[in-house]
Amino acid sequence: MGAYDNNISKRALDNTFYSVSIYDGNKIIGYGRLIGDTICFMYIHDVMVLPEYQSKKIGTMIMNKLLEQIKELKKENPSIRVYLGASKNKEKFYEKFGFVKRIDVGLGYGMLFKD
Ligand SMILES: CC(C)(COP(=O)(O)OP(=O)(O)OC[C@H]1O[C@@H](n2cnc3c(N)ncnc32)[C@H](O)[C@@H]1OP(=O)(O)O)[C@@H](O)C(=O)NCCC(=O)NCCS
């Protein structure tokens with residue numbers, strides 16, 4: 001979100017379906033959120049842990065909370081699809097939670113609108 005001004009970031013975050021914030025005292029040290037239509041497609045976005053708190057399973061805690069929420073949504077539609085756009089070299093982290101590369105299950109790579 002650093003690339004956007006605060007007003008844009010706030011409006012985007014306000015449209016979040018569910019988010020997890022991890023605190024150390026009153027400082028946010030980790031964050032992640034779910035966006036989507038809640039029935040067919042959900043997206044995991046903005047999973048991040050401050051560098052000095054990384055490798056302490058905080059990312060795992062965030063992912064587990066987001067996936068708990070997905071489990072709730074699956075009660076309504078068990079075949080809900082959950083996407084995420086892993087940053088380069090972060091795939092291994094997400095593989096630990098059952099995510100696979102689209103190309104490995106016979107789908108396309110996924111695309112981004114480059115305007
Ligand atoms: C990616 C990120 C969220 C992981 O959070 P974290 O708290 O450091 O991760 P955890 O301590 O919960 O690690 C869980 C496991 O994932 C592994 N892992 C974490 N980051 C990894 C990476 N980049 N590549 C490979 N494995 C990774 C850990 O080694 C650990 O493995 P283990 O269970 O075998 O011990 C964190 O490094 C981060 O915020 N990075 C910068 C922002 C970012 O790139 N976010 C992802 C956007 S898609």
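Check the entry above for the structure.
Before going into details, it helps to say that this report is about the structure given with it. This one's a predicted model, so the numbers in the text were calculated from it and none came from an experiment. (Residues numbered from 1 in each chain as written. Predicted model: local features only at pLDDT ≥ 70, side-chain atom pairs only at ≥ 80, totals over all residues. Heavy atoms only, no water.)

## Some points on the side chain of T16
Counting through the fold element by element, T16 comes out in the loop between α1 (6-14) and β1 (18-24). Within polar-contact distance, the side chain of T16 engages the side chain of R33 at 2.7 Å. (Helix = DSSP H or I, 4+ residues; strand = E, 2+ residues; numbered from the N terminus. Polar contact = N/O pair within 3.5 Å; in protein donor to acceptor, adjacent residues only side chain to side chain.)

## A look at the site of the ligand
As a structural note, the neighbourhood of the ligand is formed by 19 residues, with V49, S55, K57, G59 and T60 the closest of them. Interatomic distance of 3.3 Å between a backbone N/O atom of K56 and an oxygen atom of the ligand. Among the secondary structure elements, those contributing two or more residues to the shell around the ligand are β3 (41-49), α2 (58-74) and α3 (91-95). (Near = heavy atom within 4 Å.)

## A closer look at unusual backbone geometry
One non-glycine residue with positive phi stands out, namely D46, at about 55°. Mapped onto the elements of the fold, D46 is located in strand β3. The exposure class assigned to D46 is partly exposed, which follows from its relative accessible area of 22%. The residue K57 is not glycine, and still its phi comes out positive at about 70°. Its location among the elements puts K57 in the loop between β3 and α2. (Buried < 20%, exposed > 50% of the residue type's maximum accessible area, 1.4 Å probe, protein only.)

## Structural notes on the packing of aromatic side chains
Per the stated rule, a full pass over the model turns up 5 aromatic pairs. Pairing F93 with Y94 gives two aromatic rings, centres 5.0 Å apart and planes at 70°, and the pair type is edge-to-face. Pairing Y94 with F99 gives two aromatic rings, centres 6.5 Å apart and planes at 75°, and the pair type is edge-to-face. Taking relative accessible area as the criterion, F99 reaches 15% and is therefore assigned buried. A network of ring pairs unites the aromatic residues F93, Y94, F97 and F99 as a single cluster. (Phe/Tyr/Trp six-rings, centres within 6.5 Å; stacked < 30°, edge-to-face > 60°.)

## Side note on the environment of F97
Among the secondary structure elements, F97 is positioned in the segment after α3. Separated by 30 residues in sequence, F97 and L67 place their C-alpha atoms 8.7 Å apart. Not counting residues up to four positions away in its chain, the partners in contact with F97 are T60, M63, N64 and L67. (Contact = heavy atoms within 4.5 Å.)

## With respect to α2
If you check α2, its first and last C-alpha atoms are 24 Å apart, about what 17 residues at 1.5 Å a residue would give, namely 24 Å. In this structure, the buried side of α2 is in contact with β1, β2 (27-36), β3, β4 (81-84) and α3. (Expected span 1.5 Å × (residues − 1).)

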